[in-house]
Every structure is written in C-alpha cells, then in structure tokens.
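# Per-entry structural report
Here's the letter readout for the chains.
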Amino acid sequence: MRVVRTVKQLREALEYMRMGGHTPIGFVPTMGYLHEGHASLLRRAGEMSSTVVMSIFVNPLQFGPNEDFASYPRDEARDLELAEREGADIVFIPGVEEMYPEPTRTTVSVSSLTTQLCGASRPGHFDGVTTVVNKLFNMVQPDYAFFGLKDAQQVAVLRRMVSDLNMNVEIVACPIVREDDGLALSSRNVYLSAEERSQALVLSRSLREVRQAMEEGTVSTADEARELIISVISASPLAVIDYVEVLTFPGLEPLAAGSRLNSAGGEIIIALAVKFGKTRLIDNNVFTPKEVHALV
Ligand code: PAF
C-alpha cells in the first residue's frame, strides 16, 4: 500500500498502476476516523476494481462556521492499519494547503436536491461535498466511486452531479453498516456519552417499527409513517428531532398529502436526523413499497 500526500505523487502512483494494466480503478473518498462502514466500502471496491484508492481528507468546505471541523475525530495511524488490512493500494492524505492552495473561486452546486433534509439544517454543506468530490474525481479519475447509503442524500446528490456533468465514473451505493444493537456506524458516534448512545438506538428502532407497521398494514401513507417515527423517537428524553421525512428516492420529492406510499412508483426514503446533546445523528431506510407485502 502506498501513502501519498500530494496530487503529483497521487497521479504518479495511478499512472504506474494504469501502465501495469491494474484497472479498473475503484475510489473510496473518506474523511478518516475509519470504521467498519468504510471497511465495507473498501471490500466492495476490491471486488469491483484492480486498484483501490482511498482518500482521507477532512474537507473544511463542507462544515458550517458553528460545526465540528476543528474537533472532527482524526487518527491517521489507525486509519492506515484499517486501509491496509482491507486491501487499499493507494491512500491519498492531502493537507488543506494541497487541496486548496488558493481560496477556491469555483464551486460545484447541485440545486433542488440539496435544499431539504440535511441541506436545510446545514446550508452550504452539499456545495462543499460536491466541490471536493469533483476535485477528487479529477485527481483520481476513477471508474467506480463507493459511498455509504447512511448518507443517502449525499448519494442522490453525487449521482445527479455525475449525470448532469457527464462524468465518467459510476457511483456505487453500499448498504448501511450497523452495530449489533442497530446503531448506524458513524465517525461522530464517538462524541456520544453512554446515556446518549443508549438513547440513540431509538433511531434504528423507529425505522424497524415503521417497517413492521408497513408489513402489517397499519401504516400505509407517508403521514402515518412520519407520525409513528416521531412518536417512537419522542419517547427518548434526550432526543431532539431535526427532521423526519418520507420522500421519493433519489428525486427527494415529497409524496402528495395523504397519498399511499406505493403511489410513488419507485423507491422511497424514510430519513431522520436527531440531536443527542451536541451530536447530530442521521439514519434512513430506502426501500421499494412494492416489496412490502401489505402495501401492494
Ligand atoms: O462522506 C464523507 O465522508 C464526505 O462527505 C466525503 C464524500 C468524503 C467528501 O468529503
């Protein structure tokens, strides 16, 4: 595994792999503090590609002024161990100076898909994501790029960027990885106190309960799904709901008021963001209503 810190070194390392015929190139962009979710992305990349590139860069552009850029958890030595164990061939770890040698005058912005869900509570966040991912794609020129569905809105936004700009890369969305007790893995889980972590299980529990209610036929509309989730989460005293939304996926359009979930035709996302103390957690379930027996 090669660790490179400049764009020049990265391009040289990639040129070497391409010359040796080690293609396709799979790319896993991350902000580090890696966990089993990232490991699953590396493994999927390894299955689909001959060269696996991972980047580790905490991107200042996607953090708001009152967010946790400075305190975002970092552990390069541990990250490199995991990357090596999971088969990364090249790890790119640029500093902020390398990624943004001058204040950036060019940003990439996807409209409409970025104004709801996390985009509403984190203005500018997705412009930071699309701009840095665009830069990273230009540097790596991957055939495939791997992203976790825990950030389902990010997947929808990046797919749209790739399609709108005719970028020659396929976005591969990978399933959410959870702890045994259901908590979706996130680098930010480390911020939770023991009590907050225990109450945070309400996120995955609410998604399981709404799924079960849909299977049993007691929930069949978007409003009923939202109400059930809000009532389950509200039973946790530390939980402060940011949003609970039921939208089409990947279009992120609301369903018509009162309409049945299966009226959407394609996939649906039930997405939530909830704060526990200072930590904001997200979780979601993307599914096709036609696969839920009672909704057919
Ligand atoms: O999902 C993340 O970790 C980040 O948003 C990404 C895609 C690496 C861009 O900084």
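Now for a description of the structure that goes with this document.

Parameters at a glance
Residues numbered from 1 in each chain as written. Predicted model: local features only at pLDDT ≥ 70, side-chain atom pairs only at ≥ 80, totals over all residues. Heavy atoms only, no water. Pairing = 2+ DSSP bridges. Helix = DSSP H or I, 4+ residues; strand = E, 2+ residues; numbered from the N terminus. Axes fitted to C-alpha atoms, helices over the stretch in contact; angles between N-to-C directions. Contact = heavy atoms within 4.5 Å. Buried < 20%, exposed > 50% of the residue type's maximum accessible area, 1.4 Å probe, protein only. Right-handed = clockwise from strand over helix to strand, strands pointing away. Left-handed = near helix turned anticlockwise from the far one by under 90°. Nonpolar A, V, L, I, M, F, W, Y, C, P; charged D, E, K, R; others polar. Phe/Tyr/Trp six-rings, centres within 6.5 Å; stacked < 30°, edge-to-face > 60°. Lys NZ or Arg CZ within 6 Å of the ring centre and 35° of its normal. Core = buried A, V, L, I, M, F, W, Y, C linked by side-chain atoms within 4.5 Å. Near = heavy atom within 4 Å. Polar contact = N/O pair within 3.5 Å; in protein donor to acceptor, adjacent residues only side chain to side chain. Areas by Shrake-Rupley, 256 points an atom, 1.4 Å probe, with all protein chains shown as cover.

### Some remarks on the sheet that holds strand β6 (residues 170–174)
- Reading across from one edge, β1-β4-β3-β2-β5-β6 is the order of the six strands in this open sheet, with parallel pairing throughout. Only two strands of the sheet have a single neighbouring strand rather than two, namely β1 (2–4) and β6. Taken over all neighbouring pairs, the strand axes of this sheet differ in orientation by 25° on average, direction set aside.
- Relative to strand β4 (residues 90–92), strand β3 (residues 51–56) is paired through three bridges, and the arrangement is parallel. The partner of methionine 54 across the bridge, within β4, is valine 91.
- Strands β2 (25–30), β3, β5 (144–148) and β6 of the sheet are contacted by helix α2 (residues 36–48), whose axis makes an angle of about 155° with β5.

### Looking at the pairing of β2
- Of all six residues making up β2, six are buried, and the element is well covered by its neighbours.
- Burial along β2 is two-sided: Ile25, Phe27 and Pro29 and Gly26, Val28 and Thr30, pointing in opposite directions, are all buried.
- As for the winding sense of the linkage, the β-α-β connection from β2 through α2 to β3 is right-handed.
- Pairing of β2 with β5 involves two bridges; the strand directions are parallel. By the bridge assignment, glycine 26 is partnered in β5 with tyrosine 144.

### Notes on the packing of helix α8 (residues 194–216) against helix α9 (residues 222–234)
- Interhelical geometry of α8 versus α9 gives an angle of 145° and a closest axis separation of 9 Å. Crossing geometry of α8 relative to α9 is assigned as right-handed. For the pair formed by α8 and α9, the contact residues are Val202, Ser206, Leu207, Glu209, Val210 and Ala213 on the first element and Ala225, Leu228, Ile229, Val232 and Ile233 on the second.
- When its residues are assigned to classes, the contact of α8 with α9 shows nine nonpolar, one polar and one charged.

### Quick notes on the packing of aromatic side chains
- Counted under the stated rule, the structure contains five aromatic pairs.
- With a centroid separation of 6.1 Å and an interplanar angle of 50°, the aromatic rings of phenylalanine 57 and tyrosine 100 are classed as tilted. Placement of the pair is phenylalanine 57 in the loop between β3 and α3 (76–85) and tyrosine 100 in the loop between α4 (96–99) and α5 (118–121), with a sequence separation of 43 residues. Judged on exposure class, the residue phenylalanine 57 and its partner tyrosine 100 are both buried.
- Judged by centre distance (6.4 Å) and plane angle (55°), the rings of tyrosine 144 and phenylalanine 146 are tilted.
- In this structure phenylalanine 146 comes out as buried when scored by relative accessible area, which is 0%.
- By the ring-pair criterion, three or more aromatic residues cluster together here, those being Phe63, Phe69 and Tyr72.
- The ring of phenylalanine 69 has arginine 74 lying over it, and the distance from NZ or CZ to the ring centre is 5.2 Å.

### Let's talk about the sheet that holds strand β7 (residues 239–249)
- The antiparallel open sheet is built from three strands, whose spatial order is β7-β8-β9. Looking at the sheet topology across the chains shown, the edges are occupied by β7 and β9 (279–287). Direction aside, neighbouring strands of the sheet carry axes that sit 15° apart on average.
- Where α9 meets the sheet, it contacts β7 and β8 (267–276), and its direction lies at approximately 160° from that of β7.

### A word on the nonpolar core
- Core analysis: the largest hydrophobic core is formed by 47 residues, its most contacted members being Leu10 and Phe137.
- Those elements giving two or more residues to this core turn out to be α1 (7–19), β2, β4, α6 (125–140), β5, α7 (152–164), β7 and β8.
- Of the residues forming this core, the biggest block, eight residues, is contributed by α6.
- If we ignore the near neighbours within four places in the chain, the residues touching leucine 10 are Val4, Val53, Ile90, Phe92, Met139 and Val140.
- Counting 30 residues, the second-largest nonpolar core is a separate cluster that includes Val219, Ile233, Leu261 and Ile270.

### A short note on the site of the ligand
- All residues adjacent to the ligand are Pro29, Thr30, Met31, Asn59, Gln62, Val129, Val132, Val133, Phe147 and Gln154.
- One of the side-chain N or O atoms of glutamine 62 is found 2.6 Å from an oxygen atom in the ligand.
- Contact distances for the ligand include 2.8 Å between an oxygen atom and a side-chain N or O atom of glutamine 154.
- Coverage of the ligand by the protein amounts to 88% of the 290 Å² it exposes when considered alone.
- Where the shell around the ligand is concerned, the elements lending two or more residues are β2 and α6.
- With three residues, the top contributor of residues to the shell around the ligand is α6.

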